[in-house]
Amino acid sequence: LRLCSTREGVTVEEGLATVNTMLQAKVKYLWVPALLYYACCMATEMSFSQLFHHLETFIKDVHQRWKIVLRIKCGLPDPARDLGGCGKDQAYFAGAVEVLSNLETIDFHLLYSGKVCVDELARIQRLARRDCLKLPHFLLDQEAYRKKLRHMAAVNNIVSLHRRRETKRTSSPTRHRTRNMAAKFAVSAPNLKNNPEPPKKSLLNRRKASPNVLTYSRKYMWASG
C-alpha cells in the first residue's frame, strides 16, 4: 500500500472532502476546485504579477485573487519572478474527478476504513475492520449517497468509467450485427475474367439484288450461296 503522504493518497483524501462539501451546496459545480487547478497550471508559465492579472477574468475581488495567488506562489525563493509554485491545490479537483469517475465501483464504507487509494480497495477488502467504523450521517445510506454523486457528476459533465465500459459492450454487438446484415444482402459484382462475354448474335441482312446472299457481322466473314 502507498504511504499516506504520497500524492495519490492526498488526492483521494482531498477529493473525497471536496465532494462531501459540495453535497450541501445548491449549485453543485466544481468551479472553485477547477479554478485552483487551472491557476496551478498557469503558475508554471507566469510570475506572481502576471498570474494575478491573468486571474482577473475569473475573480473580480482583489483580496480573494491575492489569497489564491499567494497560496500558490508561497515557498518560492523569489515569488515575484520565479515560475512554478505549490501544486497541492490541484488535489481537490483531481481527487473529486477520480471519485466521481469511479463512483459505481467504489465501496465507500470500505474507503472510510483507512487512508487508502481507490485502486487499493480490492487488496484490503478481507483485512479491513468495518465493525468499529463511525460513518458520517450522509453515508449511512450508501445508495442515496451514490445517487447524489451521480447528479453531481452529471452537472459537471463527468462520465463514469463503468458507464463507458457498458457503452462499449453494448455498441460492439450492434456493429457485428450491422456487418453481418451488410454481408448478407451485399450484391457481388460478376467476375469478368472467369466468365467470358458470350459471342454476339450475327446480324442477317438480306439484299434485294441477290436474295441467296447472307451477310454476317463484321466479326465473321460473309458467304454467298
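Being a predicted model, the structure only gives us computed values, none of them experimental. (Residues numbered from 1 in each chain as written. Predicted model: local features only at pLDDT ≥ 70, side-chain atom pairs only at ≥ 80, totals over all residues. Heavy atoms only, no water.)

Engineer: Would you mind going over the confidence of the model for the chain with me for this structure?
Structural biologist: Caution applies to low-pLDDT parts of the model: their predicted coordinates are not meant to be read in detail. For the chain, the average pLDDT comes to 78, and 71% of its residues sit at 70 or higher. Taken as a whole, residues 184-193 scores under 50 in pLDDT and shows zero contacts with residues more than four places along the chain or in a different chain. For residues 202-225, every residue scores under 50 in pLDDT, and the model assigns this stretch 20 contacts once sequence neighbours within four places are set aside. (pLDDT = per-residue confidence, 0-100. Contact = heavy atoms within 4.5 Å.)

Engineer: Quick question: what am I supposed to make of the pattern of salt bridges here?
Structural biologist: Enumeration over the complete set of coordinates arrives at four salt bridges. Across the pair Asp107 and Arg130 runs a salt bridge, and its minimum N-O distance is 3.1 Å. Linking Asp107 in the loop between α5 (90-101) and α6 (108-111) with Arg130 in the loop between α6 and α7 (142-155), this pair joins segments that are 23 residues apart in sequence. Judged by relative accessible area, which is 23%, Asp107 ranks as partly exposed. (Salt bridge = Lys/Arg side-chain N within 4 Å of Asp/Glu carboxyl O. Helix = DSSP H or I, 4+ residues; strand = E, 2+ residues; numbered from the N terminus. Buried < 20%, exposed > 50% of the residue type's maximum accessible area, 1.4 Å probe, protein only.)

Engineer: Explain the packing of aromatic side chains here, please?
Structural biologist: In this description, an aromatic ring pair is defined by two values, namely the gap between the centres and the angle between the planes. On inspection of all chains with the given rule, the structure shows six aromatic pairs. A ring pair is formed by Tyr37 and Phe93, whose centres lie 5.8 Å apart and whose planes are at 55 degrees; its orientation type is tilted. On the criterion of sequence distance, the pair formed by Tyr37 in helix α2 (residues 31-42) and Phe93 in helix α5 is long-range, its members being 56 residues apart. On the accessibility criterion, Phe93 (24% relative accessible area) is partly exposed. For the ring pair Phe108 and Tyr145, a centre distance of 5.1 Å and an interplane angle of 85 degrees mean the geometry is edge-to-face. Highlighted residues: Phe108 in helix α6 and Tyr145 in helix α7, separated in sequence by 37 residues. Every member of this aromatic cluster is reached through a ring pair, and the members are Phe48, Phe52 and Trp66. (Phe/Tyr/Trp six-rings, centres within 6.5 Å; stacked < 30°, edge-to-face > 60°.)

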